[in-house]
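# Inside the fold
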Amino acid sequence: MKRFYIFKDGVQLGSTVTRESAIALIRSHQEFETHPFLRSEFSMIEGEEEFIRYPSLQKKPAKRDKGRER
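Residues numbered from 1 in each chain as written. Predicted model: local features only at pLDDT ≥ 70, side-chain atom pairs only at ≥ 80, totals over all residues. Heavy atoms only, no water.

## Re the nonpolar core
Nonpolar side chains tend to gather and get buried jointly when the protein is soluble and globular. If you look at the biggest cluster of nonpolar residues, it comprises five residues: Phe 4, Ile 6, Ala 22, Ile 26 and Phe 42. With residues up to four places along the chain from it excluded, the contact list for Ile 26 reads Ile 6, Phe 42, Ser 43 and Met 44. (Core = buried A, V, L, I, M, F, W, Y, C linked by side-chain atoms within 4.5 Å. Buried < 20%, exposed > 50% of the residue type's maximum accessible area, 1.4 Å probe, protein only. Contact = heavy atoms within 4.5 Å.)

Right under this line is the structure:
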């Protein structure tokens, strides 16, 4: 699934599905910037989102310790 990741001063702010919604999110955050010298830098990266699942957790056969008492 293609996503657009939004960053504010190098820290991830969020992600959206479309480029237009990413720009809208950036514009909404830019409205709160007040001082011209203290304005944040926004950037956006387009990328693929991929979920990596954990390996299957199948039960392994129990080991028996011969010659060992409990």
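Continuing now.
## Things to note about unusual backbone geometry
With phi around 55°, Asp 9 is a residue other than glycine that occupies positive phi space. Its place among the elements puts Asp 9 in the loop between β1 (2-8) and β2 (11-16). Judged by relative accessible area, Asp 9 falls into the partly exposed class, the value being 48%. (Helix = DSSP H or I, 4+ residues; strand = E, 2+ residues; numbered from the N terminus.)

## Some words on the sheet that holds strand β3 (residues 42-48)
Reading across from one edge, β2-β1-β3 is the order of the three strands in this open sheet, with antiparallel pairing throughout. Because the sheet does not close on itself, it has two edges, and the strands there are β2 and β3. Strand-to-strand twist across the sheet, computed as the mean angle between neighbouring axes with direction ignored, equals 30°. Here β1 runs beside β3; their pairing, made up of seven bridges, is antiparallel. (Pairing = 2+ DSSP bridges. Axes fitted to C-alpha atoms, helices over the stretch in contact; angles between N-to-C directions.)

## Topic: the pattern of salt bridges
In total, this model carries three salt bridges according to the counting rule given. Put simply, Glu 33 and Lys 8 hold a salt bridge, and the shortest N to O gap is 3.8 Å. With a gap of 25 residues between them, Glu 33 in the loop between α1 (19-30) and β3 and Lys 8 in strand β1 connect regions that are remote in the sequence. (Salt bridge = Lys/Arg side-chain N within 4 Å of Asp/Glu carboxyl O.)

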